[in-house]
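Residue-level structural notes
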Amino acid sequence: MKIAIITINFAGSSSSLAEAHLMNGNDVDFYNVMFNSQHNLEVESFTLPALSSRIGIKKVENLSTDGLRRFKAFSDNFRFYNVICFGMPREEGLMNDMKRGLSLLVMRKIFKSLKDFHYDLINVIGQNLFSISLSSLLHSWNLPVIHSFHEVLESHLDNSSLYPGIEKLINKGIRINVFSEKSAKDLKRVSDISSQQLSVIQFGLFSGYREYGDVEIPELTGTENYILFYGYIEKYKGLDILYEAINLIVHLPVKVVVAGRGYQPVLERIKEDERFILINRWLGNAELATLIRHSKCVVCPYLSASQSGIPQTVFNFDRPIIASDIESFEDVIHNGLNGIIVSRNKVSELAEAIKQLLNNNELYYRMVEYLKHNREYDSIAEWKNLANKYIEILKS
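Here we summarise the structure given alongside this text. Computed from a predicted structure; not experimentally measured. (Residues numbered from 1 in each chain as written. Predicted model: local features only at pLDDT ≥ 70, side-chain atom pairs only at ≥ 80, totals over all residues. Heavy atoms only, no water.)

On to the overall build of the protein chain. Regarding its fold elements, the protein chain presents 12 helices and 16 strands. A compact globule built from 396 residues should have a C-alpha radius of gyration of about 21 Å, and the protein chain, at 21 Å, falls within 12% of that. In terms of overall dimensions, the protein chain has C-alpha extents of about 65 × 45 × 40 Å along its principal axes. For the protein chain, buried positions account for 57% of its 396 residues. Here the protein chain contributes 43 positive and 46 negative side-chain charges, whose respective centroids are spaced 5 Å apart. (Helix = DSSP H or I, 4+ residues; strand = E, 2+ residues; numbered from the N terminus. Rg over C-alpha atoms; globule rule 2.2 N^0.38 Å. Buried < 20%, exposed > 50% of the residue type's maximum accessible area, 1.4 Å probe, protein only. Lys, Arg positive; Asp, Glu negative; His and termini not counted. Charge placed at Lys NZ, Arg CZ, Asp CG, Glu CD.)

A few words now on the sheet that holds strand 9 (residues 175-178). Taken in spatial order, the 8 strands make up an open sheet running 5-6-2-1-7-8-9-10, and their pairing is mixed. Looking along the sheet, the strands with just one partner apiece sit at the ends: strand 5 (56-59) and strand 10 (198-200). The average undirected angle you get between the axes of adjacent strands in this sheet is 25°. In the packing of helix 3 (residues 129-140) onto the sheet, contacts are made with strand 1 (2-7), strand 2 (27-35), strand 6 (78-85), strand 7 (121-125) and strand 8 (145-149), and the angle to strand 8 comes to roughly 165°. (Pairing = 2+ DSSP bridges. Axes fitted to C-alpha atoms, helices over the stretch in contact; angles between N-to-C directions. Contact = heavy atoms within 4.5 Å.)

Bringing the environment of Met367 into the picture now. Looking at the secondary structure, you find Met367 in helix 12 (residues 361-395). Overall, the relative accessible area of 0% leaves Met367 in the buried class. Taking the C-alpha atoms as reference, Met367 lies 9.7 Å from Ile321; in sequence the two are 46 residues apart. With residues up to four places along the chain from it excluded, the contact list for Met367 reads Pro320, Gly336, Leu337, Asn338, Gly339, Ile340 and Leu357.

The next point concerns helix 5 (residues 181-190). Helical geometry: 3.6 residues make up each α-helical turn, so side chains three or four residues apart lie on a common side. Among all positions in helix 5, only Lys182, Ser183, Ala184, Asp186 and Leu187 are buried. Of the surrounding secondary structure, the elements contacted by the buried residues of helix 5 are helix 4 (166-172), strand 9, strand 10 and helix 10 (327-330).

With that settled, the discussion passes to a positive patch on the surface. Judged by side-chain charge, Arg108, Lys109, Lys112 and Lys115 come together as a positively charged surface patch. Taking the relative accessible area as the measure of exposure, Lys109 reaches 65% and is therefore exposed. (Patch = residues over 30% accessible without salt bridge, like charges linked within 9 Å, V, L, I, M, F, W, Y side chains within 5 Å. Areas by Shrake-Rupley, 256 points an atom, 1.4 Å probe, with all protein chains shown as cover. Salt bridge = Lys/Arg side-chain N within 4 Å of Asp/Glu carboxyl O.)

Turning our attention to the packing of helix 2 (residues 94-111) against helix 3. Where helix 2 meets helix 3, the closest approach of the two axes is 11 Å, and the angle between their N-to-C directions is 50°. Relative to helix 3, the element helix 2 is oriented oblique. The two elements helix 2 and helix 3 meet at a crossing, and its hand is right-handed. Taking contact as the criterion, the partners of Arg100, Ser103, Leu104, Met107, Arg108 and Phe111 in helix 2 are, on helix 3, Leu129, Phe130, Ser133, Leu134 and Leu137. Split into classes, the residues belonging to the contact of helix 2 with helix 3 amount to 7 nonpolar, 2 polar and 2 charged. (Parallel < 35°, antiparallel > 145°, perpendicular 65-115°, else oblique. Left-handed = near helix turned anticlockwise from the far one by under 90°. Nonpolar A, V, L, I, M, F, W, Y, C, P; charged D, E, K, R; others polar.)

The next thing to look at is the pairing of strand 11 (residues 226-230). Judged by how many residues are buried, strand 11 sits mostly within the fold: 5 of 5 residues are covered. As paired elements, strand 11 and strand 14 (residues 295-300) share 3 bridges and run parallel to each other. Along strand 14, the bridge assignment pairs Ile227 with Cys297. Note that strand 11 and strand 12 (residues 256-259) share 4 bridges and pair parallel. In the sheet register, Tyr230 faces strand 12, and the bridge partner there is Ala259. Following the chain from strand 11 across helix 6 (residues 239-247) to the adjacent parallel strand 12, one finds a crossover that is right-handed. (Right-handed = clockwise from strand over helix to strand, strands pointing away.)

Further remarks concern the packing of aromatic side chains. Taken as a whole and assessed by the stated rule, the structure comprises 14 aromatic pairs. Ring centres of Tyr364 and Tyr365 lie 5.1 Å apart, and the angle between their planes is 85°; this geometry places the pair in the edge-to-face category. Three or more aromatic residues link up through ring pairs in this structure, and these residues are Phe30, Phe46, Phe71, Phe78 and Phe80. (Phe/Tyr/Trp six-rings, centres within 6.5 Å; stacked < 30°, edge-to-face > 60°.)

Counted residue by residue, strand 8 has 5 buried out of 5 residues, so it is predominantly covered. Of the two faces of strand 8, both are covered, the one formed by Val145, His147 and Phe149 as well as the one formed by Ile146 and Ser148. Taken together, strand 7, helix 3 and strand 8 form a β-α-β motif whose crossover is right-handed.

Here you go:
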């Protein structure tokens, strides 16, 4: 089959899905969409060899950079395109109306060539107005579109309203995929989508991160085997809960590293606490790989989440995760096998789980071996099976 994957801001899962389709013997065209305001060569799980500011589609011939080398083995069946477009603001107002109109006009011009490529499947993966408008446009051209959403609610923390634009796709009859049962339940709760229009296909490991070697991280100064909390720092991720849990551990033999952009009030205390190392900035792919590779474990004391790419990133490096009992984590973290699940917002349970991983070497290394075996053997079969589910949708 000939498959197109068009991704906007979700390159980690999308590129690994492309790899799985290739392993299943399909031809894949991968379109990495960026906006003209973006200038970073790094996207989630791979690094672009170069970046043009010119609006349009440019084929990427050099697949020798970190995260892209895995595709060199499929050179006869794989084509990588970087797409530069104008962004599409959600806000109201005359100027934003004009920007949306220009973006749509350019979108039509850039993607019209897809009509001539005779794809069996076009999977648009994105969360913004641009991606939703693109799926609508491709559908209007009678192209076989599936749109994948990572989030279906405006805010999963308070179970708010439907994410803007999804209802438009539902009304047009465009097939929608989500990555967790939690998202599917939420979508059914706030919309009238039918079971025939909705699918749940999860994602496997974000394999591109494995191609990144270690880099120096000045804030670590040689620190090893630390507890790691990473990602954009937001309220729902429960960093304050982690801080209180650490306060319950009398003799903490390792450091706690908190890494990522963002702000929560608890950071003021963490900055002054010698038990913690704070890296409060954007992290490159190589820095992220280095942080995980040299950690003891990763901690996710989240209060809410519809899905998360943290397990699919961390498990590439055979590190167990301590996480809250939210559905998206329970789908992939199996208690005692590749991590520990604790009750959300329970400080004492989190503290006990941390002590258990630090003090019980037999349990810890059993988890590490389980993760290693899964990465080396089971994860490939898992991804191939997930990719096949998209093909089954076409036949249903």
